[in-house]
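# Survey of secondary and tertiary structure
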Amino acid sequence: DTAVSQTPKYLVTQMGNDKSIKCEQNLGHDTMYWYKQDSKKFLKIMFSYNNKELIINETVPNRFSPKSPDKAHLNLHINSLELGDSAVYFCASSAPGETYEQYFGPGTRLTVT
Amino acid sequence: AQSVTQLGSHVSVSEGALVLLRCNYSSSVPPYLFWYVQYPNQGLQLLLKYTSAATLVKGINGFEAEFKKSETSFHLTKPSAHMSDAAEYFCAVSRFSGSARQLTFGSGTQLTVLP
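Bear in mind the structure is a predicted one, so any value in this text is a computation, not a measurement.

Parameters at a glance
- Residues numbered from 1 in each chain as written.
- Chains lettered and ligands numbered in written order.
- Predicted model: local features only at pLDDT ≥ 70, side-chain atom pairs only at ≥ 80, totals over all residues.
- Heavy atoms only, no water.
- Salt bridge = Lys/Arg side-chain N within 4 Å of Asp/Glu carboxyl O.
- Helix = DSSP H or I, 4+ residues; strand = E, 2+ residues; numbered from the N terminus.
- Buried < 20%, exposed > 50% of the residue type's maximum accessible area, 1.4 Å probe, protein only.
- Disulfide = S-S within 2.5 Å.
- Polar contact = N/O pair within 3.5 Å; in protein donor to acceptor, adjacent residues only side chain to side chain.
- Contact = heavy atoms within 4.5 Å.
- Pairing = 2+ DSSP bridges.
- Axes fitted to C-alpha atoms, helices over the stretch in contact; angles between N-to-C directions.

Next up on the list: the pattern of salt bridges. Evaluation of the coordinates by the stated rule reveals six salt bridges over all chains. For the salt bridge of B:E88 with A:K41, the shortest nitrogen-to-oxygen distance reads 3.6 Å. With B:E88 in strand β9 (residues 87-97) and A:K41 in the loop between β4 (31-37) and β5 (43-50), this residue pair bridges two chains. For A:E101, the salt bridge goes to B:K49, with nearest N and O atoms at 2.6 Å. With one member in each of two chains, A:E101 in strand β10 (residues 98-104) and B:K49 in strand β5 (residues 44-50) form a pair that bridges those chains. For B:K49, a relative accessible area of 29% translates into the label partly exposed.

Take the state of the cysteines next. In this structure the tally under the stated criterion is two disulfides over all chains. Linked covalently through their sulfurs, A:C23 and A:C91 form a disulfide whose S-S length is 1.8 Å. Here the S-S torsion is close to -75°, and the disulfide linking A:C23 with A:C91 is therefore left-handed. One end of the pair, A:C23, is in strand β3 (residues 19-25); the other, A:C91, is in strand β9 (residues 87-95), with 68 residues separating them in the sequence. A:C91 matches A:C23 in its accessibility class, with the two residues each being buried. The residue that forms a disulfide with B:C23 is B:C91, at a sulfur-sulfur distance of 1.9 Å.

With respect to the helices and strands, the residue B:Q38 is situated in strand β4 (residues 32-38). Accessibility expressed as a relative area gives 8% for B:Q38, which makes it buried. A distance of 3.0 Å separates a polar side-chain atom of B:Q38 from the backbone oxygen of B:Q42. For B:Q38, the residues in contact, after removing those within four places along its chain, are A:Q37, A:K41, A:F90, B:G43, B:L44, B:A87, B:E88 and B:F90.

Residue and element names in this part refer to chain A. Strands sit in the order β1-β3-β8-β7 across an open sheet of four strands; the sheet is antiparallel. Strand pairing shows two members of the sheet lacking a second neighbour, β1 (4-7) and β7 (64-67), which therefore form its edges. Adjacent strand axes in the sheet meet at a mean angle of 20° when their direction is disregarded. In the sheet, β1 pairs with β3 via four bridges, with the strands oriented antiparallel. The residue of β3 that forms the bridge with Q6 is C23.

Shown next, in the form of structure tokens:
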């Protein structure tokens, strides 16, 4: 069974569009994260979120917004996509009290044309 | 601010040879340090972690790392490389942000294993 899953795996879209990436975890974790990995493989935290608290990395444009319908899901909405948004986006989750040990999804490769 | 620096963006070793991937950290407080591995087209997987207990940490797949405070290092080693070890390796340090720890990753080291 997949612990952290993301859909879609690949997403190709045009500049200016709005898109969403879905993330689900079946580990019973209460904290979830979104990371962006650029073309040079550099990984950067975008958000961390649990039921009580959303922490946003200050460099993330407000076109990006996480939305959590429930504890097992954290979706990423992106408005007005730009070329520079092309990257691989990873969702991750961690258990209560062990937020340093994170379990990653397989990634979504977003290409903006 | 806490950060990690990985020395060498690409490392090549022969199958059966020692693997040594270097990571140095910068932290004003005792750090929690990690090594993650990313196989092609996959997400990251935790290899091992240092959380201020034993300085020599053993992980999965025969990897281990030693925390050396005097050298501010947390290098990853494996005595004998296997072809299946070819992957991208990331060192990371964690910090509290709100109630959750966030990970700050190094720039990664691509390990190639030659037959």
